[in-house]
Amino acid sequence: MRRTILALSTAIGMATLSATVHAQQPATAENGYSIFAGTIADMTHTEYADAIKRGAVALWGLGVIEAHGPHLPLGTDVYGPYLNTRLAREALERRDIPALVVPVFYWGVNRVTSAFPGSIDVRPEIMIEVMVDVFRSLKRDGIGAVFCVSGHGDAAHNRAIFEGVKRGAAAAGMRVYFVTNRMMAERIGLPLDDRHLVLTADPPPPATPPATRPQPDVHAGAGETSSMLGNFPAVVRADAIAALPPTNLTPEQLATWRRGGEHALQVTPHGYLGAPADANAERGRTDATRSAGALADAIAKTVANPR
Ligand SMILES: [Zn+2]
């Protein structure tokens, strides 16, 4: 039998054989990463139900597929919230707060970079409807609270998350929160006293001031490039980074970029905004730990004092 399979494989050609073998391999750093690892998608339904019986809350990241310069993958804003929720879950478990990670939602709203290839733009109302149905399903399964985080800075995307959280909480009759930082909440005009909004503490200033002068670094720049280099290096085009000059945008140019579409294409034709060449992997790992720690702190506080 084995001999027959080998003979057949040879007959249909090595290309087909290697494709089959590749499909059967688990995702590793060599051929990509699994964003299901550590989430409910890799659990059985019985393991999932057992965690809910222990009182697990759910963490859910919401990102997008979006152009991130010539050096970062389109899924950069998916890897980010995946890591954030996964590390936060581990931090919560260490405090005896059981938690489950829902796989990252990646069909978000891309108004700013919609003119770039690979930026998939879903209408906010569609995203909100999907969110409501996910909350309903989690409520049916017995989950009492869901904490949502964003992986993407687009104002329209973050407003859609907040709207989906409020609508979902009402429709499902459960506690649903949008956990974000004060800077984002103020920038997009969210009501800071809303019971569905949880603000993370402002991060402490870095121990050593950055070597380069501050400049807008909001998209595929030093911050995001560090994060990807530090945590998902196999999908970074590391060779391309050194040749990318800083964009050094003025506040006016940044405002023009935020108008999106052709404006963003004109201001940042290469699809990044900031200084990718200033990135380093160590900063990426430190930032990820700090961010997940702030998320876990905010969730733990809300679990202790539900509103
Ligand atoms: Zn991004």
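Computed from a predicted structure; not experimentally measured. (Residues numbered from 1 in each chain as written. Predicted model: local features only at pLDDT ≥ 70, side-chain atom pairs only at ≥ 80, totals over all residues. Heavy atoms only, no water.)

### A look at the sheet that holds strand β3 (residues 145-150)
Read across the sheet, five strands follow the order β2-β1-β3-β4-β5 without closing on themselves; strand pairing throughout is parallel. Each end of this open sheet is capped by a strand with a single partner; those strands are β2 (99-105) and β5 (197-199). When the angles between neighbouring strand axes are averaged without regard to direction, this sheet yields 25 degrees. This element, helix α6 (residues 155-172), spans β1 (57-62), β3, β4 (175-180) and β5 of the sheet and lies at about 160 degrees to β4. Sitting on the sheet, helix α12 (residues 281-304) touches β1, β3, β4 and β5, and the angle it makes with β3 is about 155 degrees. (Pairing = 2+ DSSP bridges. Helix = DSSP H or I, 4+ residues; strand = E, 2+ residues; numbered from the N terminus. Axes fitted to C-alpha atoms, helices over the stretch in contact; angles between N-to-C directions. Contact = heavy atoms within 4.5 Å.)

### Description of the nonpolar core
Proteins that are soluble and globular tend to have nonpolar side chains buried together. Ranked by internal contacts, the top residues of the largest apolar core, which has 36 residues, are W60, F135, I143, V146 and C148. Going through the elements one at a time, α3 (45-53), β1, β2, α5 (124-140), β3, α6, β4 and α7 (182-187) are the ones with two or more residues in this core. Broken down by element, the residue count for this core peaks at eight residues, all from α6. Other than its neighbours up to four places away in sequence, W60 contacts T85, V102, P103, V104, F105, M131, V134, F135, V146, F147, C148 and V149. (Core = buried A, V, L, I, M, F, W, Y, C linked by side-chain atoms within 4.5 Å. Buried < 20%, exposed > 50% of the residue type's maximum accessible area, 1.4 Å probe, protein only.)

### Topic: the pairing of β2
Judged by how many residues are buried, β2 sits mostly within the fold: six of seven residues are covered. Relative to β2, β1 runs parallel, the two being bridged by five bridges. Bridging from a neighbouring strand, L62 pairs with F105 of β2. Where the polypeptide runs from β1 across helix α4 (residues 76-94) and back to β2, its parallel neighbour, the crossover connection is right-handed. (Right-handed = clockwise from strand over helix to strand, strands pointing away.)

### Some remarks on the coordination of the zinc ion
Ligation of the zinc ion by protein atoms is provided by H68 (NE2), D77 (OD), D77 (OD), E224 (OE) and E224 (OE), these donors lying 1.9 to 2.8 Å from the ion. One chain supplies every donor to the zinc ion, and in sequence these donors are spaced H-x8-D-x146-E. You can call D77 buried: its relative accessible area is 3%. (Donors = N, O, S within 2.8 Å, 3.2 Å for Na, K, Ca; no water.)

### Let's talk about helix α8 (residues 222-231)
Within an α-helix, residues lying three or four positions from one another point in the same direction, as the helix has 3.6 residues per turn. For α8, the tally of buried residues reaches seven of 10 residues, placing the bulk of the element in the interior. Listed as buried for α8 are A222, G223, T225, S226, M228, G230 and N231. As for α8, its buried residues are in contact with α4, α9 (238-241) and α12.

### Points about the side chain of H152
For H152, the location among the structural elements is in the loop between β3 and α6. Residue class for H152 comes out buried when judged on its relative accessible area of 6%. For H152, the side chain forms a polar contact with the side chain of N110, separated by 3.3 Å. The contacts of H152, once residues within four sequence positions are left out, are V64, E66, D77, V109, N110, H157 and N158. (Polar contact = N/O pair within 3.5 Å; in protein donor to acceptor, adjacent residues only side chain to side chain.)

### Describing the pattern of salt bridges
Applying the stated criterion across every chain yields a total of 11 salt bridges. Between R140 and D141 there is a salt bridge whose closest N-O contact spans 2.9 Å. Since its relative accessible area comes to 65%, R140 is described here as exposed. For D141, a relative accessible area of 27% puts it in the partly exposed group. A salt bridge links E282 to R285, with the shortest nitrogen-to-oxygen separation between them at 3.3 Å. One end of the pair, E282, and the other, R285, are both in helix α12, three residues apart, so they sit about a helical turn from each other. On the basis of relative accessible area, E282 is assigned to the partly exposed category, the value being 47%. (Salt bridge = Lys/Arg side-chain N within 4 Å of Asp/Glu carboxyl O.)

### Quick look at the pairing of β1
Across a regular strand the side chains alternate sides, sitting on one face of the sheet and then on the other. Taken across its six residues, β1 has six buried, putting it largely inside the fold. Here β1 shows a buried face lined by V57, L59 and G61 and a second buried face lined by A58, W60 and L62. Here β1 pairs with β3 via five bridges, running parallel. The residue bridging W60 from the neighbouring strand is C148, located in β3.

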